[in-house]
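# A look at the structure
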Amino acid sequence: MVWNVELQGLGTCTRVETLMPDELNETGHDARASPSHVSCPKHVILAFRRIGSPRSPGSLGVLIEEIPGVQVYPSDHVLLLFQETLHQGAFITTGSESGVAATNAQGLADASRERAQENAGKPLPGKFILALCMSSFLAGSLFTGRTWTAHPSPETDGQMPTIRDDMPMQDCDHKRKLVEEQSGDIAEEVTRTRQVIKSLEKTMSKLETDLAVAHTSQHGASSSNHSLEKAFVVIGINTAFSSKRRRDSLRQTWLPRGEKLKKLEKEKGVVVRFVIGHSTTPGGVLDRAIDAEDAKHHDFLRLDHVEGYHELSSKTRLYFSAAASTWDADFYVKVDDDVHLNPGTLVSTLARYRSKPRIYIGCMKSGPVLSLKGEKYHEPEFWKFGEEGNKYFRHATGQLYAVSRDLASYIAANSPILHRYANEDVSVGAWFIGLEVDHVDERSMCCGTPPDCAQKAEAGNACVASFDWSCSGVCRSVERMKEIHRRCGEGDGALWDVHL
């Protein structure tokens, strides 16, 4: 079949279409042997193709593709084309003998109106109306997303079918599940991120402590010609010039003397020393008395420190620094000279925490901050702890506590910048409050004097230490220490039976 299109002023397009044998009866045209081809001016018509079957003999539906603005109007014998971008119109006719008429845009518009008037008078076919109704129903169903429930379900209790929003609800449920899954994923990512940050903080804290330890070790090595002595624990007994009778009461009870003290250091790695500084007049009577006592018992650790009750924070800081630079121990203990101690039980207790690098062990408390002058434990810097009536942060009571090697080295390395409060136990707690430190509340380190410690000893649970809270130590310790040791002591062989 030959299609001739003449566009006024633009030339003629010719398309030769070869029909298949099954199309002969529909069109009444003979199939031609020549192949299909189109010859048109450039940018006028790109392609033709035949669609569907003709609605009546002698007519064909033609689609002109890839031409923006082209509308196709099928008729019995004529297809009317309109190109908005062109100023001319054209007719396409079927049949090789039919004439090709060229018209202008006004003629094309008139022909379109006449064809529309002819079609308006014809009744629409029944099949077309039915198809239009079905199409409208399906379009409405898709638009509203509602479907009918054909049969009652147990949930409806046999009532009439109702309209339900299946598709929107399913879509919402799906979106909600996606949001919940995404929220869960975000929460997991946040949790993992926090864990990573916490781990990094701990690592940084450990590196800082290790750096302090290395600095202390280097400083100790440069200031001495010998390596540090190995030990498991160094027990420093805080004492004063006026406390000779207290020291003797300890030597007569729980503190080994002479060769036993040396053997304890060598075989068990337990070092025990009385810790004291010097008087305001170095080399005076008080200092010479300590020199004589040390020459006899060899159980003192002398500090470059001026003795005084209100200088306990400085003394404690210097003690840990001196001990860490003299002995390479796992733990360093501070105890007062009016406290009864069971060294074997202390060693066994500390051994349980040997694997922890930064540990602070004692009877943890949080007492009130005393702001009134004249009180025994008055805190001049009370305003730093908040409003009046506030309590201190958790810290070990000052009668007895222990710190690990890393913490003692930290104190030694940072001694010049560690703040000292009026109360020594508060100062030590403050030094550790901002570090990654394990605070261990060990209540056996603060038992009461008999009958408390005696009952526990009889039950086989000897206390680490015993004292009276009312006296911040054993009341009248010189007179009572032997009795307390008899009733609450662990036995002479307990320390030697400890396996580390």
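Notes on the structure follow. Everything numeric here is computed off the predicted structure, so don't read it as measured data.

What follows concerns a positive patch on the surface. On the surface, Arg-257, Lys-260, Lys-263 and Lys-296 cluster together into a positively charged patch. Mapped onto the fold, Lys-263 is located in helix H6 (residues 258-268).

Strand order in the open sheet made by the 7 strands is E13-E12-E11-E14-E17-E16-E18, with mixed pairing throughout. What marks the edges here is a single partner per strand, and that holds for strand E13 (300-306) and strand E18 (438-441). Taking each pair of neighbouring strands and ignoring which way they run, the sheet shows an average axis angle of 25°. Taken together, the 6 bridges between strand E11 (residues 229-238) and strand E12 (residues 270-278) define a ladder with parallel strand orientation. Looking at E12, one finds that Asn-238 is bridged to Val-275. Most of the contacts of H6 go to E12, to which it runs at about 125°, and overall it touches E11 and E12. Running at roughly 165° to E13, helix H7 (residues 285-297) makes contact with E12 and E13 of the sheet.

Below, the discussion takes up the nonpolar core. Counting residues in hydrophobic clusters, the biggest one holds 46 residues, and the most contacted among them are Val-233, Ile-235 and Leu-350. In this structure, Leu-301, Ala-324, Trp-327 and Val-428 belong to the second largest nonpolar core, which totals 28 residues.

Here we come to the state of the cysteines. Here a disulfide denotes one covalent bond, and it connects the sulfur atoms of two cysteines. A full pass over the atoms with the stated rule returns 4 disulfides. What pairs with Cys-471 in a disulfide is Cys-475, and their sulfur atoms sit 1.8 Å apart. Here Cys-471 and Cys-475 share a disulfide; its torsion about the S-S bond, 100°, makes the bridge right-handed.

What counts and how
- Residues numbered from 1 in each chain as written.
- Predicted model: local features only at pLDDT ≥ 70, side-chain atom pairs only at ≥ 80, totals over all residues.
- Heavy atoms only, no water.
- Patch = residues over 30% accessible without salt bridge, like charges linked within 9 Å, V, L, I, M, F, W, Y side chains within 5 Å.
- Areas by Shrake-Rupley, 256 points an atom, 1.4 Å probe, with all protein chains shown as cover.
- Salt bridge = Lys/Arg side-chain N within 4 Å of Asp/Glu carboxyl O.
- Lys, Arg positive; Asp, Glu negative; His and termini not counted.
- Charge placed at Lys NZ, Arg CZ, Asp CG, Glu CD.
- Helix = DSSP H or I, 4+ residues; strand = E, 2+ residues; numbered from the N terminus.
- Pairing = 2+ DSSP bridges.
- Axes fitted to C-alpha atoms, helices over the stretch in contact; angles between N-to-C directions.
- Contact = heavy atoms within 4.5 Å.
- Core = buried A, V, L, I, M, F, W, Y, C linked by side-chain atoms within 4.5 Å.
- Buried < 20%, exposed > 50% of the residue type's maximum accessible area, 1.4 Å probe, protein only.
- Disulfide = S-S within 2.5 Å.

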